[in-house]
Each structure stands twice: as structure tokens, then as C-alpha cells.
Amino acid sequence: MATQNTSNNQDFFNDLQRHSAIQDARISNLETKFEMFMQSMKDSNDKRDAEMRDRDNQRHAEIAELRNSIKEIYQATDAKVSKIESKIDSMSSHIQILAVTAVGGIIAAGIGIAAMVISALTKS
């Protein structure tokens, strides 16, 4: 009977060892799958981060390009406005000259008429 107990204990111990080995293999398999999953998540996050950095860099480049375009538009507009202002200044000086000439002509005509009136009055 002692031999049978020892044999049963030995069988039980062997079953426990086999069961423990199976559980160890399962745990190892789960650990491997979990590590693969974590690596997959890390790779996915790294890829997403790289894509976001690329989009940010592209957006910054587009913004810089737009700013340069706006600066060029401002410069072109400023040049056109300066040109218009100089033309207006030139036109106003011509208008002033014409106004002075017209006033001078009116005064000369008045003097001429006055001279004719005086001449006509003095002849009689």
C-alpha cells in the first residue's frame, strides 16, 4: 500500500509538472503575443507621429509660401500706389500751372479791355 501511495503521489506529481509545463507554455505564448501587440501599437503610434510631423512640416511650408506671396502682393500694391500718387502729384502741379495761366490770361484780358475802354474814352 505504501508503494501504491508513492506511485499515486508520483503520478500526481508528474501530472502537476505536466500541467505546470503546459501553463508555462501558454503564459509564454501569451507574453509573446502581448509583446507583439505592444510592438505593433508602438509601430502604429510611431507611424502616426511621423505622418503628423510630415503634415505639420508641409503646413508650415505652405504658410511660409503664402506669407511670401502676401509680401509680394503688398510690395506690388505699394509700388502701384506710389506710381498713382506721383501721377496725381504731377497732374495737380499741371492743374496749378493751368490755373495760374488762366488767371494771368483773365487779368491780361481785363487789362486789354480796360486799355481799349480807356483808349476809346480818351479819343473822344
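Residues numbered from 1 in each chain as written. Predicted model: local features only at pLDDT ≥ 70, side-chain atom pairs only at ≥ 80, totals over all residues. Heavy atoms only, no water.

A word on the environment of Lys71
Item 1. You can see Lys71 is positioned in helix α1 (residues 2-123).
Item 2. Through-space distance from the C-alpha of Lys71 to that of Ala21 is 74 Å; in sequence the pair is 50 residues apart. (Helix = DSSP H or I, 4+ residues; strand = E, 2+ residues; numbered from the N terminus.)

Description of the pattern of salt bridges
Item 1. Under the definition given, this model contains four salt bridges.
Item 2. Between Asp49 and Arg48 there is a salt bridge whose closest N-O contact spans 3.9 Å.
Item 3. By relative accessible area, Asp49 is classed as partly exposed at 31%.
Item 4. Here Arg48 falls in the partly exposed class, since its relative accessible area comes to 40%.
Item 5. Of the charged contacts in the structure, one is a salt bridge between Asp56 and Arg59, with a shortest N-O distance of 3.0 Å. One end of the pair, Asp56, and the other, Arg59, are both in helix α1, three residues apart, so they sit about a helical turn from each other.
Item 6. Here Asp56 falls in the partly exposed class, since its relative accessible area comes to 33%. (Salt bridge = Lys/Arg side-chain N within 4 Å of Asp/Glu carboxyl O. Buried < 20%, exposed > 50% of the residue type's maximum accessible area, 1.4 Å probe, protein only.)

Quick notes on a nonpolar patch on the surface
Item 1. On the surface, a nonpolar cluster with roughly 420 Å² of combined accessible area is contributed by Phe34, Phe37, Met38 and Met41.
Item 2. Mapped onto the fold, Met41 is located in helix α1. (Patch = residues over 30% accessible without salt bridge, like charges linked within 9 Å, V, L, I, M, F, W, Y side chains within 5 Å. Areas by Shrake-Rupley, 256 points an atom, 1.4 Å probe, with all protein chains shown as cover.)

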